[in-house]
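Per-entry structural report
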Amino acid sequence: MITWFALFFIAERLFHLPRPTVRTLIFLRLLFADQFAIDRTRNQSWFRKRPWPSSKLVVAGESTKVVGTRAAVCGWLMPAIGWKYAALVWGCSMLWFVLNDIVRMAVCRREQEVPHWDAQSCQRLFTPTH
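Because the structure is a prediction, the values reported are computed rather than measured.

This paragraph deals with the side chain of serine 93. Among the secondary structure elements, serine 93 is positioned in helix 4 (residues 82-113). Excluding residues that lie within four positions of it along the chain, serine 93 makes contacts with Arg29, Phe32 and Phe36.

The next point concerns the environment of arginine 23. Within the fold, arginine 23 resides in helix 2 (residues 19-41). As for arginine 23 and isoleucine 81, which are separated by 58 residues in sequence, their C-alpha atoms are 10.0 Å apart.

A grouping of Phe9, Ile10, Leu14, Phe15 and Leu88 is seen on the molecular surface, where their side chains present a nonpolar patch of about 460 Å² in accessible area. For the nonpolar patch, the leading source of residues is helix 1 (residues 2-14), giving three residues. Here leucine 88 shows up in helix 4. What makes leucine 88 partly exposed here is its relative accessible area of 39%.

Of the residues in the chain, 76% reach a pLDDT of 70 or more, and the chain-wide mean stands at 80. For the chain, helix 5 (residues 119-126) is the element with the lowest average pLDDT, namely 58, and helix 3 (residues 55-74) is the one with the highest, namely 90.

With 20 residues, helix 3 extends 28 Å from end C-alpha to end C-alpha; this agrees with the ideal 28 Å at 1.5 Å per step. Directly beyond the C-terminal end of helix 3, a positive phi value near 85° is found at glycine 75.

Applying the stated criterion across every chain, the model contains two salt bridges. In this structure, arginine 19 engages glutamate 12 in a salt bridge whose closest nitrogen and oxygen atoms are separated by 2.5 Å. Relative accessible area serves as the criterion here: at 17%, glutamate 12 is assigned to the buried category. Residue glutamate 62 is joined to lysine 65 by a salt bridge in which the shortest nitrogen-to-oxygen separation is 3.3 Å. Here the residue glutamate 62 and the residue lysine 65 both occupy positions in helix 3, the gap between them amounting to three residues, near one helical turn. Relative accessible area serves as the criterion here: at 35%, glutamate 62 is assigned to the partly exposed category. When its relative accessible area of 3% is taken as the criterion, lysine 65 is described as buried.

Rules and cut-offs
- Residues numbered from 1 in each chain as written.
- Predicted model: local features only at pLDDT ≥ 70, side-chain atom pairs only at ≥ 80, totals over all residues.
- Heavy atoms only, no water.
- Helix = DSSP H or I, 4+ residues; strand = E, 2+ residues; numbered from the N terminus.
- Contact = heavy atoms within 4.5 Å.
- Patch = residues over 30% accessible without salt bridge, like charges linked within 9 Å, V, L, I, M, F, W, Y side chains within 5 Å.
- Areas by Shrake-Rupley, 256 points an atom, 1.4 Å probe, with all protein chains shown as cover.
- Salt bridge = Lys/Arg side-chain N within 4 Å of Asp/Glu carboxyl O.
- Buried < 20%, exposed > 50% of the residue type's maximum accessible area, 1.4 Å probe, protein only.
- pLDDT = per-residue confidence, 0-100.
- Expected span 1.5 Å × (residues − 1).

Laid out in structure tokens, this is it:
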């Protein structure tokens, strides 16, 4: 969510792009976010470890990214953004994906270190003392 607001701010305030072009950038970012979320959450380890995704998932995900990027670059049903901005969105999306995976793995490790509450502990915690 924060990357979309950052992308909006950077595109509008720093690059001074018109709103329709900013919408195309955000479309492309959303296209990547969905696929990367599937890649990131499909196993409990790092995103590119076994078990590997099925070939159908890879083909569907990559073809969606390629067709969506081509649509954004060429302006099919939306304002064209060109290859420079498309590459910028690709790079930022991949960087954000890797950073999110690092944070996810850190949280998973921390969760494994902290002992889990059992039912009696939770009952004692929420029982009134008076």
